[in-house]
Amino acid sequence: MASRGKVLELLNAVPHGMALLDSDLRIVAINRFLEALTGYSGEEVRGVGWDQVVRSGFGRSNPLFQGALESGSPCSAEGDMLGQSRCKIPMRFTATPLTEPGMEGATLALVLEDMTAFRSVAHTKELGPARGILGHSQKMQEILELFPVLAHTDSSLLITGETGTGKDVLAEAIHHASRRSICPFIKVNCGALPESLLESELFGHVRGAFTGAHADKHGMFQLAQGGTIFLTEIGDLPLPLQVKLLTVLDDREFFPLGSQKKVKVDVRIITGTHRDLAVLVREGKFREDLFFRLNVLRVQMPPLRERDGDVRLLIDHFLLRISTEIHKKPGRISARAMDLLCRYSFPGNVRELRNIIEYAVNVSRGGIIGPEHLPPPVLDAGKSNAPSAAPALKRDRAPEAEPAPLRQELPVNATSWSEIEKKKILAALLAAGGNRGLAARALGWGRTTLWRKIKEYGLG
Amino acid sequence: MKILVTLQNDDIAPRFDLATEVLIVRVGQGGVEGEPRTVLLPGPSSDELCSLVIKEDVSLVICGGIEETHYQYLGWKKIQVIDRVIGAAEKAVRLVLAGRLRSGAVLRPEKEGGGA
């Protein structure tokens, strides 16, 4: 075991507040950063409860930290602490259990990251750092470092990346961190509408411009006046509209459909696509001059499989957020389920991860989320990726199969949670012979909840 | 004179804004007068707690962390605040009576008066 001096030397090398806690969440050691933040010396607070020293908003019983100790997996959460300067400091707390008890019984390492810089960039204290962009991985850190630069300019920005990587989230975060944040942020999907409709949608029209144009209509560019317009799936923009967009980028003015009067706009343009625009240019499907004008600043959102270590962070984040949203007590992920999730390739990236966690939180009845609460694609991938893990999974799932017949009724190809829930309710009612009390008990709900959901889905 | 201590069980609550219980002690020439009173608050709120301090005519507040705004407000109302104190509430009151409690003190149960 390393000496106390060596351990402290290591702790002091970390550029964040850091503490080692014992199994009762009492301070074993703190580094210099945390000493400066709290105003206490490490020697002074040895053996004192972490909540007394750190004075976080979580209070004494923080389920995340307890969860980290019980599950053996790192947990993180955002909150604040009251520093010695009597100011609330926004913090990200990450608790990592130590595999072997360290110095003087230390079982948990707690890292406190000051989020003030991120929040001041975002200008919106309550919205969080860079408005929902999370990531410790090298690739995400590079984007977060570039974030203030992207926010403080009016230059066109092109965000590329696979579907579900967070292009929209980044665009919106940049808008909210920019001087344009008091004006609207308008998002238009260029692939969602046919050419004629898209032109009217983007640039507006005047009365009588075409059949059915009964009144003047402002386009999205006018609605975004002073703010930001985010053109997503820009690679799907038809060629004739590419010319018009080029004009807007050059002159900051355009003619609405059927109008003879030019409209001037002051709008920042951010575009996003999952396609390779350079390839489209070569194929003659995208104008080269437009590509050059849009590609002034460029950000490539990394796929989740290339974001080392971010899966756990995002799981904790979504677990807490979704549990709060649906008024459930935040559960935690079992080691096996976490292992399956960490080995999954997430072809749908962060969006898919969010949906998986939402599914798991809804399917589990509170407490621990196990492999049986994960959707079939994750389990299937787990089986094919790690043959050695498959028997263990089978053993894990076998006892669950009998007492949870309702789970077998879940449609594998269900498209939404409401659909799954509807089918679950029907299956429970059928199994209970129409007795709502029994059905509610089988579903793990109260009678009132079942009654409310029956009404909500029109099943009564 | 009255002393108010923010409570979390028997200890001083780490944060003034999150305290839901307070101890009010009346102090005279000979020390503590009467039985100390514990007041349960309807919920955590710095503003409500400041109102209670004023209403109860408290002269000294002992607490854990407190935000600058409320610290200044109480100071402006001529109420002394000893903040960032860690330890048992009862011991903090004893040290105040002995004139030995300071801001940022860590009161340890095993050392009588240590750290203050």
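Residues numbered from 1 in each chain as written. Chains lettered and ligands numbered in written order. Predicted model: local features only at pLDDT ≥ 70, side-chain atom pairs only at ≥ 80, totals over all residues. Heavy atoms only, no water.

**Focus: the overall build of chain A**
If you tally the helices and strands in chain A, you get 21 helices and 16 strands. Per-residue burial for chain A yields a buried fraction of 50% across its 460 residues. When contacts within chain A are restricted to residue pairs at least 6 apart in sequence, those whose partners lie at least 24 apart make up 62%. Of the roughly 21800 Å² of accessible surface on chain A, 54% is carried by carbon and sulfur atoms. (Helix = DSSP H or I, 4+ residues; strand = E, 2+ residues; numbered from the N terminus. Buried < 20%, exposed > 50% of the residue type's maximum accessible area, 1.4 Å probe, protein only. Contact = heavy atoms within 4.5 Å. Areas by Shrake-Rupley, 256 points an atom, 1.4 Å probe, with all protein chains shown as cover.)

**What about the sheet that holds strand β4 (residues 88–97) of chain A?**
By way of backbone hydrogen bonds, the strands of a sheet pair with one another, either parallel or antiparallel. Residue and element names in this part refer to chain A. In space, the 5 strands of this open sheet follow the order β2-β1-β5-β4-β3, with antiparallel pairing throughout. Where the open sheet ends on each side, the last strands, each with one partner, are β2 (27–30) and β3 (75–82). When strand polarity is set aside, the average angle formed by the axes of neighbouring strands in this sheet is 25°. Sheet topology note: the strand β1 (residues 17–21)/β2 ladder contains 3 bridges and is antiparallel. The residue of β2 that forms the bridge with Ala19 is Ile30. Across the sheet, helix α1 (residues 4–12) is in contact with β1 and β2; its angle to β2 comes to roughly 60°. (Pairing = 2+ DSSP bridges. Axes fitted to C-alpha atoms, helices over the stretch in contact; angles between N-to-C directions.)

**Some thoughts on the pairing of strand β6 (residues 157–160) of chain A**
Residues and elements named next belong to chain A. Burial of β6 is two-sided: the residues Leu157 and Ile159 facing one way and the residues Leu158 and Thr160 facing the other way are all buried. Alignment of β6 against strand β13 (residues 268–273), held across 4 bridges, turns out to be parallel. When the bridges of β13 are listed, Leu157 appears paired with Ile270. Pairing between β6 and strand β14 (residues 297–300): 4 bridges, direction parallel. Bridging across to β14, Ile159 finds its partner in Val299.

**What about the interface of chain B and chain A?**
Chain B puts 22 residues into the contact, and the matching count from chain A is 22 residues. Interface area for chain B against chain A, summed over the two sides, is near 1800 Å², with a carbon-plus-sulfur share of 44%. The three residues of chain B that bury the most area against chain A are Arg15, Arg84 and Ile86 of chain B, which together make up 35% of that side's buried surface. For the pair chain B and chain A, the interface holds 5 salt bridges. Among the salt bridges present, the one from Glu67 of chain B reaches Lys88 of chain A, with a minimum N-O distance of 3.5 Å. At the junction of chain B and chain A, the tally comes to 13 residue pairs in polar contact (both at pLDDT 80 or more). Secondary-structure elements contributing two or more residues to the side of chain B that touches chain A are β2 (11–12) and α2 (68–76) of chain B. (Buried area = accessible area lost by both parts, 1.4 Å probe. Salt bridge = Lys/Arg side-chain N within 4 Å of Asp/Glu carboxyl O. Polar contact = N/O pair within 3.5 Å; in protein donor to acceptor, adjacent residues only side chain to side chain.)

**A look at the pattern of salt bridges**
Where charged atoms of side chains with opposite charge meet at close range, the side chains can pair. Under the counting rule described, the total for this entry stands at 29 salt bridges over all chains. For the salt bridge of Glu162 of chain A with Arg305 of chain A, the shortest nitrogen-to-oxygen distance reads 2.5 Å. One end of the pair, Glu162 of chain A, is in the loop between β6 and α7 (167–177); the other, Arg305 of chain A, is in the loop between β14 and α13 (310–325), and 143 residues separate them in sequence. In this structure Arg305 of chain A comes out as partly exposed when scored by relative accessible area, which is 45%. Several salt bridges share partner residues, and in doing so they unite Asp80 and Lys88 of chain A together with Arg15, Asp17 and Glu67 of chain B into one network.

**Side note on the environment of Lys77 of chain B**
Residue and element names in this part refer to chain B. The topology assignment puts Lys77 in the loop between α2 and β6 (80–82). Judged by relative accessible area, which is 35%, Lys77 ranks as partly exposed. On a C-alpha basis, the gap between Lys77 and Val53 in space is 10.0 Å, while along the polypeptide they are 24 residues apart.

**Some thoughts on the sheet that holds strand β7 (residues 185–189) of chain A**
Residue and element names in this part refer to chain A. On the basis of which strands lie adjacent, the open sheet formed by 5 strands has the order β7-β10-β13-β6-β14 and parallel pairing. With partners counted over all chains shown, the strands left at the sheet margins are β7 and β14, one partner each. Here the strands of the sheet are splayed against their neighbours by 20° on average, with no regard to which way each runs.

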